[in-house]
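Given next are the chains, with one letter for each unit.
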Amino acid sequence: MLKTIDIILVALMVTAAAWTFKVKYEAESLEAQVASFDRKAQLERETISLLDADWSLLNQPDRLQRLAEAFKGDLALEPVQPQQIIEPEELPAVPIDIVPSPTASLGGYAEASKTKVR
């Protein structure tokens, strides 16, 4: 009887050790994945920061004014006149929903886009 209990306890300890070993390596694997995602997120933040800086440089009013003057003949740019500004209701076409509703069918949108776009 005592040998049977000893064998059962040894088997339990081996099973617990194997389970602990498995959990440890799963946790290390998940930690490596989190570190990888953190590196990717940091790279994306740096890229966004660079693109924001580039956008700011490209949209400087002095630069845009120089470009408008340099290409005035090619683009035929003229200042906006007050009568050119209209309200959305004055537009000739009825606006189309860009994001379809979850209940709408694809066929309905295909037909709606054909009828609304001129």
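Residues numbered from 1 in each chain as written. Predicted model: local features only at pLDDT ≥ 70, side-chain atom pairs only at ≥ 80, totals over all residues. Heavy atoms only, no water.

Comments concerning the overall build of the chain
For the chain, the helix and strand inventory stands at four helices and zero strands. Starting at the N terminus and walking to the C terminus, you meet the elements of the chain as α-α-α-α. Looking at the chain residue by residue over its 118 residues, the buried ones come to 0%. (Helix = DSSP H or I, 4+ residues; strand = E, 2+ residues; numbered from the N terminus. Buried < 20%, exposed > 50% of the residue type's maximum accessible area, 1.4 Å probe, protein only.)

A look at the confidence of the model for the chain
Looking at the chain as a whole, its pLDDT mean stands at 84, while 82% of the residues score no less than 70. Helix α4 (residues 106-116) is the least confidently modelled element of the chain, averaging 49 in pLDDT, while helix α1 (residues 2-58) averages 95, the highest of any element. This model gives residues 109-118 a pLDDT under 50, and the stretch forms 13 contacts once residues within four places in sequence are excluded. (pLDDT = per-residue confidence, 0-100. Contact = heavy atoms within 4.5 Å.)

Thoughts on the packing of aromatic side chains
Under the defined criterion, the tally for this structure stands at one aromatic pair. Arranged with centres 4.6 Å apart and planes meeting at 65°, the rings of Phe21 and Tyr25 form a pair that is edge-to-face. Note that Phe21 and Tyr25 are positioned in helix α1 at a spacing of four residues, about one turn of the helix. Given a relative accessible area of 41%, Tyr25 falls into the partly exposed group. A cation sits over an aromatic face here: Lys24 above Tyr25, 5.2 Å from the ring centre. (Phe/Tyr/Trp six-rings, centres within 6.5 Å; stacked < 30°, edge-to-face > 60°. Lys NZ or Arg CZ within 6 Å of the ring centre and 35° of its normal.)

A word on a nonpolar patch on the surface
Residues Met1, Ile5, Ile8, Leu9 and Leu12 make up a contiguous nonpolar surface patch of about 540 Å² in total accessible area. Following the sequence through the fold, Met1 ends up in the segment before α1. (Patch = residues over 30% accessible without salt bridge, like charges linked within 9 Å, V, L, I, M, F, W, Y side chains within 5 Å. Areas by Shrake-Rupley, 256 points an atom, 1.4 Å probe, with all protein chains shown as cover. Salt bridge = Lys/Arg side-chain N within 4 Å of Asp/Glu carboxyl O.)

Let's talk about the pattern of salt bridges
Applying the stated criterion across every chain yields a total of two salt bridges. One salt bridge connects Lys22 with Glu26, and the closest N-O pair in it is separated by 3.1 Å. Highlighted residues: Lys22 and Glu26, both in helix α1, separated by four residues, approximately one helical turn. We classify Glu26 as partly exposed; its relative accessible area is 41%. A salt bridge links Glu28 to Lys24; the shortest N-O distance between them is 4.0 Å. Of this pair, Glu28 and Lys24 both sit in helix α1, four residues apart, roughly one helical turn.

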